[in-house]
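Commentary on secondary and tertiary structure
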Amino acid sequence: MTTGSADPAEAVGVAPAADSGFLQRYGATIEYILIPGAALVGALATFGLFVALFGKNPLDLYFYMYQGAFGTWFSWQNTLTRAAPLILTALCTALPAQLGMVIIGGEGALLIGALSATSVALAMPWASPFVVQTAMVCAGVIGGGLWITLAGALRQYRGVNETISSLLLVYIGLAVLNHLVEGAMRDPASLNKPSTREIGAANMIGSIPGTDVHWGLAFGLVAAFASYILIYHTVFGFSARVAGGNIRAAKIVGLGVNKLILTICFLAGGAAGIAGMVEVAAVQGRTNANLAAGYGFTGILVAFLARHNPLAIIPVAILLGGISASGGLLQRRLGLPDASVLVLQGIIFVFVLASDALYGRIGFLKGKS
């Protein structure tokens, strides 16, 4: 008599996806991939209908979007270049989200980080490029970090909603940048477009060897992996997630909630500050109004689409960077405004927010019949 303990699902040849135990174990993971993916597909379909109203073929739209984003090596480089600041600004939203905070001020932290990095570079004309670049990174982190920490402090000590305060800080940061660029820090030679003096070609961080993609992509990848390790593989990260789940319970068990909030906000702002430093040291070479390119606001969309997972931010940022990179090709081939990609990003954001209500409510992913 045989007393085997074979899995009943295996005995009857049931596929793993139909096994209720499999779905109970991995249903949540499948949800985190399936629901944002479905939201993205729905947004693309809706945008296709929007384009069809203007007499354009949606299939041509999707083809040229792919070509502009991933069709050639040049397109890939353009996409990765645009993805670099998106990874960093997305972390500015994703990290505070672990504590249940909604910070949308990455654009302001980027601008302040850029301004801080430029100020340090211009103040050190005697230093070697390595020293200047190191100082710029530190200044970008500190400038952006303190900017978002201000929003966290206002929430924790004065009860000010962090979403509102971080958004208002964006406009304050832009006003500060314009005031200094058009005033005390203005280069007299910049007539039509006020700018600071150039930081110098020797102080630019250049591109990754063999590519036209600047080193900002490496900064973004390192920051994303470091954030993942911090949040999911350290005691600090565990404490942050506990506080994010129930802040009152976290206080009862003795967690330093104030310290957690201020530290997370500083790290989040520091990531966006590095994005600003990279835009100066790898792209612009100086600080001016061109830095307000919307990377901070697109980073919010990246963070939400990635469900605030630092590793998931990387592919999502590449995808959104590709959509942004395809704007010029859509304008040339289909006659669409370059800003059409902004419409698509808005539609994606609406679909992502609407799909949030589906998490935990899809019965077959919970192993239910």
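Because the structure is predicted, anything quoted here is derived from the model rather than measured. (Residues numbered from 1 in each chain as written. Predicted model: local features only at pLDDT ≥ 70, side-chain atom pairs only at ≥ 80, totals over all residues. Heavy atoms only, no water.)

A few words on the confidence of the model for the protein chain. Predicted confidence across the protein chain gives a mean pLDDT of 88, with 90% of residues reaching 70 or more. With pLDDT under 50 throughout, residues 8-12 is counted as low confidence; its partners more than four residues away or in other chains account for two contacts. (pLDDT = per-residue confidence, 0-100. Contact = heavy atoms within 4.5 Å.)

Taken as a whole, this structure holds seven aromatic pairs when the rule is applied. Seen from their ring centres, Phe63 and Tyr64 are 5.3 Å apart, and the 65 degrees between their planes marks the pair as edge-to-face. Looking at Tyr64, the relative accessible area reads 18%, which means it is buried. Seen in terms of ring centroids, Phe304 and Phe349 are 5.8 Å apart; in terms of plane orientation they differ by 75 degrees. Their pairing is edge-to-face. With Phe304 in helix α12 (residues 295-305) and Phe349 in helix α15 (residues 340-355), the pair connects residues that are 45 residues apart, well separated along the chain. We classify Phe304 as partly exposed; its relative accessible area is 22%. (Phe/Tyr/Trp six-rings, centres within 6.5 Å; stacked < 30°, edge-to-face > 60°. Buried < 20%, exposed > 50% of the residue type's maximum accessible area, 1.4 Å probe, protein only. Helix = DSSP H or I, 4+ residues; strand = E, 2+ residues; numbered from the N terminus.)

The end-to-end C-alpha distance of helix α13 (residues 310-325) is 22 Å, a good match for the 22 Å that 16 residues give at a rise of 1.5 Å each. Residues Pro310, Ile313, Ile314, Val316, Ala317, Ile318, Leu320, Gly321, Gly322, Ile323 and Ala325 constitute the buried set of α13. Taken together, the buried residues of α13 touch α3 (58-70), α4 (73-97), α8 (216-232), α12, α14 (327-334) and α15. For α13, the side-chain oxygen to backbone nitrogen distance between the N-cap and Leu311 is 2.9 Å, and the N-cap itself is Asn309. (Expected span 1.5 Å × (residues − 1). Polar contact = N/O pair within 3.5 Å; in protein donor to acceptor, adjacent residues only side chain to side chain.)

If you look at the biggest cluster of nonpolar residues, it comprises 67 residues, and the most contacted ones within it are Leu61, Met136, Val302, Ile313, Leu320 and Ile348. Among residues more than four places away in sequence, those in contact with Leu320 are Leu86, Leu301, Val302, Leu305 and Gln345. In this structure, Ile112, Ala240, Leu260 and Cys265 belong to the second largest nonpolar core, which totals 22 residues. (Core = buried A, V, L, I, M, F, W, Y, C linked by side-chain atoms within 4.5 Å.)

Bringing a nonpolar patch on the surface into the picture now. Taken together, the side chains of Phe50, Leu53, Phe54 and Val343 define a hydrophobic patch exposed on the protein surface, amounting to about 410 Å² of accessible area. Since its relative accessible area comes to 73%, Leu53 is described here as exposed. (Patch = residues over 30% accessible without salt bridge, like charges linked within 9 Å, V, L, I, M, F, W, Y side chains within 5 Å. Areas by Shrake-Rupley, 256 points an atom, 1.4 Å probe, with all protein chains shown as cover. Salt bridge = Lys/Arg side-chain N within 4 Å of Asp/Glu carboxyl O.)

Next up on the list: the pattern of salt bridges. A full pass over the atoms with the stated rule returns two salt bridges. The partner of Arg155 in a salt bridge is Glu162, with the nearest N and O atoms 3.4 Å apart. A residue is classified by how much of its surface remains accessible, and Glu162, at 8% relative accessible area, is buried. Residue Glu198 is joined to Arg286 by a salt bridge in which the shortest nitrogen-to-oxygen separation is 2.7 Å. Here Glu198, found in the loop between α7 (162-181) and α8, pairs with Arg286, found in the loop between α11 (257-284) and α12; they are 88 residues apart in sequence, far enough to count as distant. Judged by its relative accessible area of 17%, Arg286 is buried.

Here α15 is 16 residues long and its end C-alpha atoms lie 23 Å apart, about the 22 Å a rise of 1.5 Å per residue gives. Listed as buried for α15 are Ser340, Val341, Leu344, Gln345, Ile347, Ile348, Val352 and Ser355. The buried side chains of α15 occupy one side of the element, clustering within an arc of 160 degrees when seen end-on. For α15, exposure combined with an orientation more than 90 degrees from the buried face picks out Leu342, Val350 and Ala354. (Arc of directions from axis to C-beta.)

Attention now goes to the side chain of Ser355. On the secondary structure map, Ser355 appears in helix α15. Using a relative accessible area of 9% as the deciding quantity, one classes Ser355 as buried. Apart from the residues lying within four places of it in its own chain, the contact partners of Ser355 are Ile35 and Ala39.

What follows is about unusual backbone geometry. Residues other than glycine seldom take positive phi values, yet Arg307 does so here, at roughly 60 degrees. Mapping Arg307 onto the fold places it in the loop between α12 and α13. Since its relative accessible area comes to 29%, Arg307 is described here as partly exposed. The phi angle at His308 is positive, at roughly 65 degrees, despite the residue not being glycine. Examined against the element boundaries, His308 turns out to sit in the loop between α12 and α13. On the accessibility criterion, His308 (18% relative accessible area) is buried.

With respect to the helices and strands, Leu344 occurs in helix α15. Leu344 sits in the buried class, given a relative accessible area of 1%. Remark: the alpha-carbon pair of Leu344 and Gly48, spanning 296 residues in sequence, is separated by 9.4 Å. Excluding residues that lie within four positions of it along the chain, Leu344 makes contacts with Ala43, Leu44, Phe47, Met65 and Ile323.

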